[in-house]
Structures are given as C-alpha cells and as structure tokens.
Amino acid sequence: EMRQNSQICEMVTSEKMDVGIEDPMVFFFDLKQMFKGEISGSDFQIFPIFKEDYTLMGFKDPAARDAFDAALETVKTNGTYEAVFKKYQEELGITW
C-alpha cells in the first residue's frame, strides 16, 4: 500500500510495479500532472475489479443529507452529472 496515490502512478509508469489498484480518476489526474501529456490515460487498460465503486458521505444533520440528495438527483436528472464526468474523462485522456 502506498502512502500517497501519486506513488502508485509513479511506480506503475516506471515499471517498478505491474499493477496499481486505486480510483482511476485519481490515477489519471496524477498521470496528467506528472507527465504533462507524455503519457496519457489511453496508454493504460482499466479493469473493474468490483461491481460498483462506492463513494460514501456521512451527514450528521438529516436536513443537510436531504438537501444533498435532492441536489444530486437534480444534476443526475438534468444531465449535468454525466456532462461533468465526460468532461474530465476527455481532459484526462480516459477511454473506458
């Protein structure tokens, strides 16, 4: 296990490690920051190892939770969520 996510990117690209397991968006962001386009996300194959990636948030205040849930549902319904995701996929060179 690496202390910093960027270490995974560094180890995989320098072939000191064959496989890195982490959030692909973090990996591709680190890749872009470290290599300034010399190596891109399209140089790697991504293989999902879990059915879903669970990102969790905890709320102490039920009203804050309900407001967040409502706002999230709005951006998913109106297409904003998918548009933002695709923007970063393109920006980071991710093809999956």
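Report on the accompanying structure. Treat the numbers as computed from the prediction; the structure is a model and nothing was measured. (Residues numbered from 1 in each chain as written. Predicted model: local features only at pLDDT ≥ 70, side-chain atom pairs only at ≥ 80, totals over all residues. Heavy atoms only, no water.)

1. Observations regarding unusual backbone geometry
Here is step 1 of the chain: Although it is not a glycine, Glu15 sits at a positive phi angle of roughly 60°.
Here is step 2 of the chain: Checked against the element boundaries, Glu15 lands in the loop between helix 1 (5–13) and helix 2 (24–35). (Helix = DSSP H or I, 4+ residues; strand = E, 2+ residues; numbered from the N terminus.)

2. Some remarks on the pattern of salt bridges
Here is step 1 of the chain: Under the defined criterion, the tally for this structure stands at 3 salt bridges.
Here is step 2 of the chain: Ionic pairing is found between Lys87 and Glu91, a salt bridge with its closest N-O pair at 3.8 Å. Of this pair, Lys87 and Glu91 both sit in helix 4 (residues 80–92), 4 residues apart, which is roughly one turn of that helix.
Here is step 3 of the chain: Residue classification places Glu91 among the partly exposed positions, given a relative accessible area of 39%. (Salt bridge = Lys/Arg side-chain N within 4 Å of Asp/Glu carboxyl O. Buried < 20%, exposed > 50% of the residue type's maximum accessible area, 1.4 Å probe, protein only.)

3. Some words on the environment of Gly93
Here is step 1 of the chain: For Gly93, the location among the structural elements is in the segment after helix 4.
Here is step 2 of the chain: For the pair Gly93 and Ser42, spaced 51 residues apart in sequence, the C-alpha separation works out to 5.9 Å.
Here is step 3 of the chain: Apart from the residues within four sequence positions on either side, Gly93 is in contact with Gly41 and Ser42. (Contact = heavy atoms within 4.5 Å.)

4. Here's the deal with the packing of helix 2 against helix 4
Here is step 1 of the chain: Axis separation between helix 2 and helix 4 bottoms out at 9 Å; the angle between their running directions is 40°. As summarised for this structure, helix 2 and helix 4 are arranged oblique, according to the angle between their axes. Crossing angle aside, the handedness with which helix 2 passes helix 4 is left-handed. The residues of helix 4 that touch helix 2, namely those facing Met25, Phe28, Phe29 and Lys32, are Phe85, Tyr88, Gln89, Glu91 and Leu92.
Here is step 2 of the chain: Within the contact of helix 2 with helix 4, the residues separate by chemical class into 6 nonpolar, 1 polar and 2 charged. (Axes fitted to C-alpha atoms, helices over the stretch in contact; angles between N-to-C directions. Parallel < 35°, antiparallel > 145°, perpendicular 65-115°, else oblique. Left-handed = near helix turned anticlockwise from the far one by under 90°. Nonpolar A, V, L, I, M, F, W, Y, C, P; charged D, E, K, R; others polar.)

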